[in-house]
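Summary of structural features
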Amino acid sequence: MSNYDVLFESVKIGPVTAKNRFYQVPHCCGMGHLRPQAHAAMRGMKAQGGWAVVSTEETEIHPSSDLSPAVEQRLWDERDIPALQLMTQSVHEYSALAAVELVHNGSHTSNLYSRTPALAPSSRSLDMIYPKQARAMDKADIREFRRWHKAAAIRAKQAGFDIVYVYAGHEMSLPHHFLLPEYNQRTDEYGGCLENRLRLTRELLQDTQEAIGDSCAVAFRFAVDQMLGVDGMQAHEEGRAVVEMLADIPDLWDVNVSGWANDSATSRFKPDSGYQTEYTKFVKKVTNKPVVGVGRITSPDMMVSLVKHGVLDFIGAARPSIADPFLPNKIREQRAEEIRECIGCNVCVSCDNLGVPIRCTQNPTMGEEWRRGWHPEKIAAAKTPQSVLVVGAGPAGLECALQLANRGYEVILSEASKHLGGRVVAESNLKGLALWRRVSDYRIYQLQQLDNVNIYLDSALNAQQVLELGIEQVFVATGAIWRKDGIGRTSRMPIEGLEQVAVYTPDDIMNGIVPGQGPVVIYDDDQGYLGGVLADHLSDLGHKVLFVTSASIVSPFTELTLEQKQVQCSLVAQGVDIYTNKSIVGVSQKSGHAGVELKCVYGGQDVWLACASLLLVTERESASPLYEQLQQLLKDDGTSMAMSLTLIGDALAPGLIADAVFSGHQGAQEFEADPDVVEQGLFKREMPSLNS
Ligand code: ADP
Ligand code: SF4
């Protein structure tokens, strides 16, 4: 008996039964119809890890819903069935149910590949940046759409799916567009009152039941609240009314909030786990059908509480299942402390927005199951048991040391500072990033469980000391430091006159150095997330912040993580002065005061801003002197050792924390691997078929 037994009860969903309450809800992965083998392996891994239901991403039902260049699934016609069969087979192998989220994206698509006109309840501009409008559907279009949806449901059944979705969420699908007055201005029986706006959804649910309901469950994914207050659908008004009107028609309610940025909120803006349940908890009171809900739920105790208090029947997860595909099994086997908890950074989401295979900060094997053959819980045993030295305990060094130790090597991890974690710990001390610390916490805990790892803190190693250790296998993970000369994305040469102001870098602020009195200019020429975070952080500490960026918006990278609007709103709300499209070209004096000279990147008017301090968020430099010294010694024959020296993480190439973890993992995976298996940069690829 365990407290968590309730999570492992089976639950009936219409004609099928889920073996437990862990439900991987639909989530994008950048694999879709272009990378079906990678997709099947990734979904199959979740089934192997214990999820009772594993869903696809959006699955387009017709060429008039073509999300290219995003890579989603397709069931346009029967030629798409075999690729999806790969997934249903891999999921069924572990007795999990396979679910498919059928979608027609209405005006949330530009049909760039199919060149078909987009469809909508009323003619509206497309959501995408493409100057085209969707055409208003007439009755014949609605009939056709219903026919396509039904045909796709039949194809889904043929592909082996157990659960078929009707999808009205994220403001991304036709049924949702029909429901929402801002999209639906029709005056016929499909527009106006809620009953009319809901008509299409009701018809789709009935059509789907009719088509495949004998053996497949019909799920309804519905956003109960748009989080726009009175300006949108609210859970306690029309959101509830929809659930009441359809109550027992679907076999399962999959409920969330919209748009996508609200549903997949980052920990920077929604630090709490289970942040959606305040909106969705009413649903179970209205329907007798099982309910699945989400909200970055990673705590097993919270899961139990949600089930026992009648809030949810299924613990829904996208990101927690990405960060740890084996989360259910770890809970079942009383190993909850081994869960690799999602940090809510949305790097996974960024990949979908970029149309590339998914990756995850916490789980470096995500997306690599098929092409590199990586497994989140298993790694090949050491070929030649021996000692290995890892220098630097940031995300790269920690992951590398952990995986080398898991392989069975004797690992020595040496860290210059008094604590483990490197940039992860430093960044997690900034406003909004506290949960990022899980990246190092997880790895430190795992390392502590192993007896073939020796960790030395306060142990900065130089080349001579490394040689004296006599260890021939060395991984250098010494990270990177932020530049202090102003060189960055647009300023390719050092900024002149910097000696006239107090210049700081992100490393200074993260090390607890506080700029003095007077306004702080933050120059964000990096355009990632950190400039915006630092502006938020310093302004929160009471500094007057002037934010200068060469980009046209604050922190453009955060558009990919769905945060940009919140980032910029938050700076505006805190009274940060924002100067966009400006690069800093020098520091000069005016009337006895120092200030920065801003040049408009589009040739507009130049600006001069007085400032006491300048925080440069521009570029980083690899901090690899140790590597270079060791290389030199080896080259000069300064040692008789046959040392293998591998540079990993930010010291190799500064990037995201996700890149550093990946690099550390790759270093450990490829150590002593057969050279023909690991040829630099090579991995399995899915080649286009030449069949028409
Ligand atoms: P990454 O993201 O690549 O893991 P970090 O900058 O987060 O890089 O971490 C690098 C770590 O390496 C830091 O904790 C730093 O203190 C440590 N370090 C740097 N140089 C040395 C050295 N010579 N010996 C031991 N540790 C070092
Ligand atoms: Fe969570 Fe970040 Fe991994 Fe996405 S990338 S699953 S948000 S840890």
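Within each chain, residues carry numbers counting from 1 in the order of the written sequence. Chain labels run from A onward and ligand labels from 1 onward, assigned in the order the entries are written. Per-residue local features of the predicted model are confined to residues with pLDDT of at least 70, and side-chain atom pairs are confined, for both listing and counting, to 80 or more; whole-chain, interface and lining totals are unaffected and use all residues. Side-chain descriptors were evaluated using all non-hydrogen atoms of the structure, hydrogens and water having been removed beforehand.

Here we look at the overall build of the protein
- Helix and strand counts for the protein stand at 23 helices and 29 strands.
- Atoms counted for the radius of gyration: C-alpha only. Globule rule: 2.2 Å times the number of residues to the power 0.38. By the compact-globule yardstick of 26 Å for 692 residues, the protein fits well, its C-alpha radius of gyration being 27 Å.
- In terms of its C-alpha atoms, the protein occupies a principal-axis envelope of roughly 80 × 70 × 55 Å.
- Summary of the burial criterion: residues with accessible area below 20% of their type's maximum are buried, those above 50% are exposed, and those between are partly exposed, where the area comes from a 1.4 Å probe applied to protein chains only. Out of the 692 residues belonging to the protein, those deemed buried represent 60%.
- Only the protein chains shown count as cover for residues, and all accessible areas are computed by the Shrake-Rupley method using a 1.4 Å probe. As presented, the protein carries roughly 27,000 Å² of accessible surface, and 50% of it is formed by carbon and sulfur atoms.
- By the counting scheme adopted, Arg and Lys are positive, Glu and Asp are negative, and His together with the chain ends is not counted. By convention, the point assigned to a charge is CZ for Arg, NZ for Lys, CD for Glu and CG for Asp. The positive charge centre, built from 63 side chains, and the negative charge centre, built from 85, are 5 Å apart in the protein. Numbering goes from the N terminus for both helices and strands, where a helix is a DSSP run of H or I of at least four residues and a strand is a run of E of at least two.

Considering the sheet that holds strand β25 (residues 593-600)
- A sheet is described by the order of its strands in space; here three strands give the open sequence β24-β25-β26, paired in antiparallel fashion. The strands lining the two open edges of the sheet, one partner per strand, are β24 (582-590) and β26 (607-610). For this sheet, the mean angle separating the axes of adjacent strands, direction not counted, is 30 degrees.
- If DSSP finds at least two bridges between two strands, the strands pair. In this sheet, β26 lies alongside β25 in antiparallel orientation, the contact comprising four bridges. Bridge pairing in β26 places G595 opposite A610. Here, axes are lines fitted to C-alpha atoms. For helices the fit covers the stretch in contact, and angles between N-to-C directions go from 0 to 180 degrees.

Concerning helix α1 (residues 36-48)
- Multiplying 1.5 Å by the residue count of a helix minus one yields the expected span of that helix. Over its 13 residues, α1 runs 18 Å from end to end, which matches the ideal 18 Å to within 8%, given 1.5 Å per residue.
- Here α1 lies mainly inside the structure; ten of its 13 residues are buried.
- Whether two residues touch is decided by their heavy atoms; if any such pair falls within 4.5 Å, the residues are in contact. Contacts from the buried residues of α1 go to β3 (22-24), β4 (53-60), β5 (73-74), α2 (81-92) and α12 (319-323).
- The positive-phi residue at the C-terminal boundary of α1 is G50, with phi of around 110 degrees.

Structural notes on the site of ligand 1
- The near set for a molecule or strand comprises every residue that places at least one heavy atom within 4 Å of it. Ligand 1 sits among 21 residues. The nearest are A396, E415, A416, R423 and D650.
- By the criterion applied in these results, polar contacts are pairs of N or O atoms within 3.5 Å in which, for protein atoms, one can donate a hydrogen and the other can accept it, and in which residues neighboring in sequence qualify only through two side-chain atoms. Here A396 contributes a backbone N or O atom positioned 2.8 Å from an oxygen atom of ligand 1.
- Separating an oxygen atom of ligand 1 from a side-chain N or O atom of E415 is a distance of 2.6 Å.
- Across the complex, the protein chains shield 85% of the 580 Å² of accessible surface that ligand 1 would expose by itself.
- Only Asp, Glu, Lys and Arg are considered charged in this grouping, and only Ala, Val, Leu, Ile, Met, Phe, Trp, Tyr, Cys and Pro are considered nonpolar; every other residue, Gly among them, is considered polar. Residue composition of the shell around ligand 1, by class: ten nonpolar, eight polar and three charged.

Describing the packing of aromatic side chains
- Only the six-membered ring of Trp is used, alongside the rings of Phe and Tyr, when aromatic pairs are assigned; centres must lie within 6.5 Å, and planes under 30 degrees apart are stacked while those over 60 apart are edge-to-face, with the rest tilted. Under the definition given, this model contains twelve aromatic pairs.
- For the pair F22 and W51, a centre-to-centre distance of 5.8 Å together with 90 degrees between the ring planes defines the contact as edge-to-face. Taken as a pair, F22 in strand β3 and W51 in the loop between α1 and β4 lie far apart in primary sequence, 29 residues in all. Each member of the pair F22 and W51 is classed as buried.

Here's the deal with the nonpolar core
- Grouped together as the largest cluster of nonpolar side chains are 74 residues, with contacts concentrated most on L7, F222 and W253.
- Ranked by the residues each element gives to this core, the list is headed by helix α3 (residues 139-158), at six residues.
- Among residues more than four places away in sequence, those in contact with L7 are N20, R21, F22, P300, M303, V304, V307, I315 and I331. Remark: nonpolar core denotes a set of buried residues (Ala, Val, Leu, Ile, Met, Phe, Trp, Tyr, Cys) joined through side-chain atoms within 4.5 Å.

Considering the domain arrangement of the protein
- Along its sequence, the protein is carved into domain 1 (5-354), domain 2 (387-479 + 623-683) and domain 3 (482-621).
- When the two sides are added together, the surface that domain 1 and domain 2 hide from each other amounts to roughly 1,100 Å², 61% of it contributed by carbon and sulfur.
- A per-residue breakdown of the area domain 1 buries against domain 2 is headed by R268, R340 and I343, which together make up 41% of the total.
- Salt bridges are defined by distance alone: a side-chain nitrogen of Lys or Arg within 4 Å of a carboxyl oxygen of Asp or Glu. Counting every contact that joins domain 1 to domain 2 gives one salt bridge.
- When the shortest N-O distance is used, the salt bridge between E341 and R438 registers 3.3 Å.
- Counting every contact that joins domain 1 to domain 2 gives three residue pairs in polar contact (both at pLDDT 80 or more).
- The residue inventory of the side of domain 1 that touches domain 2, partitioned by class, reads six nonpolar, two polar and six charged. The start and end points of each domain follow an automatic or database-based domain assignment. Here the quantity called buried area is the total loss of accessible area, with a 1.4 Å probe, experienced by two parts when brought into contact, counted for both.

Comments concerning the packing of helix α15 (residues 395-407) against helix α23 (residues 657-670)
- Put simply, α15 and α23 touch, their axes get as near as 7 Å, and they point 30 degrees apart. Between α15 and α23, the angle is such that the two are roughly parallel. Between α15 and α23 the crossing geometry is right-handed. Between α15 and α23, the contacting residues are P395, A396, E399, C400, Q403, L404 and R407 on the first element and I657, A660, V661, G664, H665, A668 and Q669 on the second.
- Grouping the amino acids of the contact of α15 with α23 by side-chain chemistry returns eight nonpolar, four polar and two charged. Oblique is the label for every angle not falling under 35 degrees (roughly parallel), over 145 degrees (roughly antiparallel), or within 65 to 115 degrees (roughly perpendicular). Here is the rule for handedness: rotate from the far helix to the near one, and if that takes an anticlockwise turn smaller than a right angle the crossing is left-handed, while a clockwise turn gives right-handed.

Quick look at the site of ligand 2
- Around ligand 2, the structure places R319, I322, A323, C342, I343, G344, C345, N346, V347, C348, C360 and T361.
- Elements represented by at least two residues in the shell around ligand 2 include exactly α12 and α14 (347-354).
- Residue contributions to the shell around ligand 2 peak at three residues, all from α12.
- Looking at the shell around ligand 2, its residues break down into eight nonpolar, three polar and one charged.

A word on the pattern of salt bridges
- All chains considered together, the criterion is met by 43 salt bridges.
- Residues D508 and K484 are paired through a salt bridge, measuring 3.7 Å at the closest nitrogen-oxygen approach. One end of the pair, D508, is in helix α19 (residues 506-510); the other, K484, is in the loop between β19 (480-482) and β20 (502-504), with 24 residues separating them in the sequence.
- For K484, a relative accessible area of 46% corresponds to the partly exposed category.
- A salt bridge links R620 to D650; the shortest N-O distance between them is 3.5 Å. Linking R620 in strand β28 (residues 620-622) with D650 in the loop between β29 (644-647) and α23, this pair joins segments that are 30 residues apart in sequence.
- By relative accessible area, which is 6% here, D650 ends up buried.

Some thoughts on the sheet that holds strand β21 (residues 520-524)
- Taken in spatial order, the five strands make up an open sheet running β20-β27-β21-β22-β23, and their pairing is parallel. Of all strands in the sheet, those with a lone pairing partner are β20 and β23 (577-579), marking the two edges. Across the sheet, the axes of successive neighbouring strands diverge by a mean angle of 20 degrees, strand direction being ignored.
- Bridge count between strand β22 (residues 545-549) and β23: three bridges; the pairing is parallel. Paired with V548 across the strands is Y579, a residue of β23.
- Seen against the sheet, helix α20 (residues 530-540) touches β21, β22 and β27 (613-617) and runs at an angle of roughly 165 degrees to β21.

With respect to the side chain of N184
- Among the secondary structure elements, N184 is positioned in the loop between α4 (174-179) and α5 (194-197).
- Residue N184 is classed as buried on the basis of its relative accessible area of 3%.
- Setting aside residues up to four positions removed in sequence, N184 forms contacts with P121, S122, H177, F178, Y190, G191 and R197.

Details of unusual backbone geometry
- The omega angle of the peptide bond from S68 to P69 is 10 degrees, so this bond is cis rather than trans.
- Tracing the chain through its elements places P69 in the loop between β4 and β5.
- In this structure, the amide linkage connecting S258 to the following residue, G259, adopts the cis form with an omega of -10 degrees.
- Inspection of the secondary structure assignment puts G259 in the loop between β12 (252-257) and α8 (260-263).
- Despite not being glycine, R296 has its phi angle at roughly 50 degrees, a positive value.
- Following the sequence through the fold, R296 ends up in the loop between β13 (291-293) and α11 (300-308).
- Located in the positive-phi region is L562, a residue other than glycine, with phi close to 70 degrees.
- You can see L562 is positioned in the loop between β22 and α21 (564-573).

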